[in-house]
Amino acid sequence: MNNDIHSIVEVLLSLRVNALQIAPELRKNLVYEIIRNDVFLLNSRAKNQFLLELLAIENASLRHALLSLISIVASTLKGVEYLLVNDQMIITTLI
């Protein structure tokens, strides 16, 4: 399980680093790609269960990587709509 978490953290941090290297006015295109590819699986049959399970894992590095990417997604209106597509559980969990 530790190897899996480490791999997930690497991918999430890579996405975040790439997002921060893009000019802010163009960053929305990356967010749209994240949404189109349903990175958090919010449009799948499991709804927001995948993201909620990741957030429930007690690992500081994973939580940091997830919150960093979620904040980039939430920086656009479509990103907020994506995070709220099923209900407000993700936002409630984050708060």
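Residues numbered from 1 in each chain as written. Predicted model: local features only at pLDDT ≥ 70, side-chain atom pairs only at ≥ 80, totals over all residues. Heavy atoms only, no water.

Student: How should unusual backbone geometry be read in this particular structure?
Tutor: Across the chain, the bulk of peptide bonds are trans and the bulk of non-glycine residues have phi less than zero. In this structure, Leu-41 takes a positive phi of about 55° despite not being glycine. For Leu-41, the location among the structural elements is in the loop between α2 (27–36) and α3 (49–56). The exposure class of Leu-41 is partly exposed, given its relative accessible area of 36%. (Helix = DSSP H or I, 4+ residues; strand = E, 2+ residues; numbered from the N terminus. Buried < 20%, exposed > 50% of the residue type's maximum accessible area, 1.4 Å probe, protein only.)

Student: What is the right way to look at helix α4 (residues 60–73) in this model?
Tutor: Given 3.6 residues per turn, any residue in an α-helix points the same way as the ones three and four places further on. With 14 residues, α4 should reach 20 Å at 1.5 Å per residue; the first-to-last C-alpha distance of 20 Å fits that figure. Looking at the buried side of α4, the elements it contacts are α1 (2–21), α2, α3, α5 (77–83) and α6 (89–94). Looking at where α4 begins, the residue whose side-chain oxygen comes 3.0 Å from the main-chain nitrogen of Ser-61 is Asn-59. (Expected span 1.5 Å × (residues − 1). Contact = heavy atoms within 4.5 Å. Polar contact = N/O pair within 3.5 Å; in protein donor to acceptor, adjacent residues only side chain to side chain.)

Student: What am I meant to see in the environment of Tyr-32 here?
Tutor: Structurally, the position occupied by Tyr-32 is in helix α2. Measuring from C-alpha to C-alpha, the distance between Tyr-32 and Lys-78 comes to 7.5 Å, with 46 residues separating the pair along the chain.

Student: Any chance you could explain α3 here in plain terms?
Tutor: For α3, the complete set of buried residues consists of Leu-51, Leu-52, Leu-54 and Leu-55. Down the axis of α3, the buried set is contained in an arc of 160°. They therefore lie on one face. Looking at the buried residues of α3, the elements they touch are α1, α4, α5 and α6. (Arc of directions from axis to C-beta.)

Bear in mind that shape data such as this cannot, by itself, settle questions of function.
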